[in-house]
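# A closer look at the structure
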Amino acid sequence: TETETGMILDALGALIGGAIRTSTAGDGSVRQRQKLTVRQFISSRIRDPNLTVSMIARQNGISKRYLHWLFNDDPLTVNEFIIHKRLEGCRADLDNPTHNRLGVGQIAYSWGFSNLSHFSKRYRMRYGEPPSATRRRH
């Protein structure tokens with residue numbers, strides 16, 4: 001079946017990846033280079049509301065499972081990394097007086113958030129205040 005084929009291909013990719021890491025241990029990890037490439041890709045598309053794990057995997061020629069594996073030793077999952085980067089961008093814009101004419105929702109949407117409630121919740125969790133409080137300081 002398609003699921004079994006995907007699992008076999010994922011396992012083969014991990015096996016080959018492990019063999020490559022072993023043979024190139026002296027000049028840096030292939031895994032780390034792949035993760036850097038993926039992070040750069042994410043950063044270049046961070047404002048795209050259609051940026052998803054599936055799209056990242058597809059555009060980088062890897063499976064979703066392998067993409068998650070690349071990040072499994074990081075404190076943030078792939079999805080959390082995306083949200084973290086978007087929140088950083090929003091905070092910078094909210095702190096920037098030149099963006100005062102933009103509403104909080106406009107800033108959130110411009111950074112790829114498609115749900116204002118989700119954005120506000122995540123922002124408050126990360127920074128300990130609602131986005132409007134950050135805005136009011138300026």
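Residues numbered from 1 in each chain as written. Predicted model: local features only at pLDDT ≥ 70, side-chain atom pairs only at ≥ 80, totals over all residues. Heavy atoms only, no water.

### Topic: the overall build of the chain
Scanning the chain for helices and strands turns up eight helices and zero strands. Seen in sequence order, the chain has helices and strands lined up from the N terminus as α-α-α-α-α-α-α-α. Of the contacts formed within the chain by residues at least 6 apart in sequence, a portion of 57% connects residues at least 24 apart. (Helix = DSSP H or I, 4+ residues; strand = E, 2+ residues; numbered from the N terminus. Contact = heavy atoms within 4.5 Å.)

### As for the nonpolar core
In this structure, Val38, Ile42, Leu51, Ile56, Leu67 and Val78 are the most contacted members of the largest nonpolar core, which totals 27 residues. Those elements giving two or more residues to this core turn out to be α2 (30-44), α3 (53-59), α4 (64-70), α5 (78-95), α6 (104-110) and α7 (116-127). Considering each element in turn, this core owes the most residues, seven residues, to α5. Contacts of Val38, omitting those with residues within four sequence positions, involve Ile56, Asn60, Ile62, Leu67, Leu70 and Phe71. (Core = buried A, V, L, I, M, F, W, Y, C linked by side-chain atoms within 4.5 Å. Buried < 20%, exposed > 50% of the residue type's maximum accessible area, 1.4 Å probe, protein only.)

### Brief notes about the packing of aromatic side chains
Under the criterion given, the structure shown has five aromatic pairs. Ring centres 5.0 Å apart and planes at 55 degrees place the aromatic pair Phe113 and Phe119 in the tilted group. You'll find Phe113 and Phe119 in the same group, each marked buried. Through pairs of rings, three or more aromatic residues link up here, namely Phe113, Phe119, Tyr123 and Tyr127. Directly above the ring of Trp69 sits Arg31, whose terminal nitrogen or CZ lies 4.0 Å from the centroid. Here the basic side chain of Arg47 rests over the ring of Trp111, its NZ or CZ set 3.6 Å away from the ring centre. (Phe/Tyr/Trp six-rings, centres within 6.5 Å; stacked < 30°, edge-to-face > 60°. Lys NZ or Arg CZ within 6 Å of the ring centre and 35° of its normal.)

### Considering the side chain of Arg86
Relative to the assigned elements, Arg86 resides in helix α5. A polar atom in the side chain of Arg86 sits 3.1 Å from the backbone oxygen of Trp111. (Polar contact = N/O pair within 3.5 Å; in protein donor to acceptor, adjacent residues only side chain to side chain.)

### Regarding the confidence of the model for the chain
The predicted model of the chain has a mean per-residue pLDDT of 86, with 79% of residues at 70 or higher. Confidence, read as mean pLDDT per element, is least for helix α1 (residues 2-23) in the chain (56) and greatest for α6 (97). Confidence over residues 20-27 falls short of pLDDT 50; this stretch has seven contacts with residues more than four positions distant or in other chains. (pLDDT = per-residue confidence, 0-100.)

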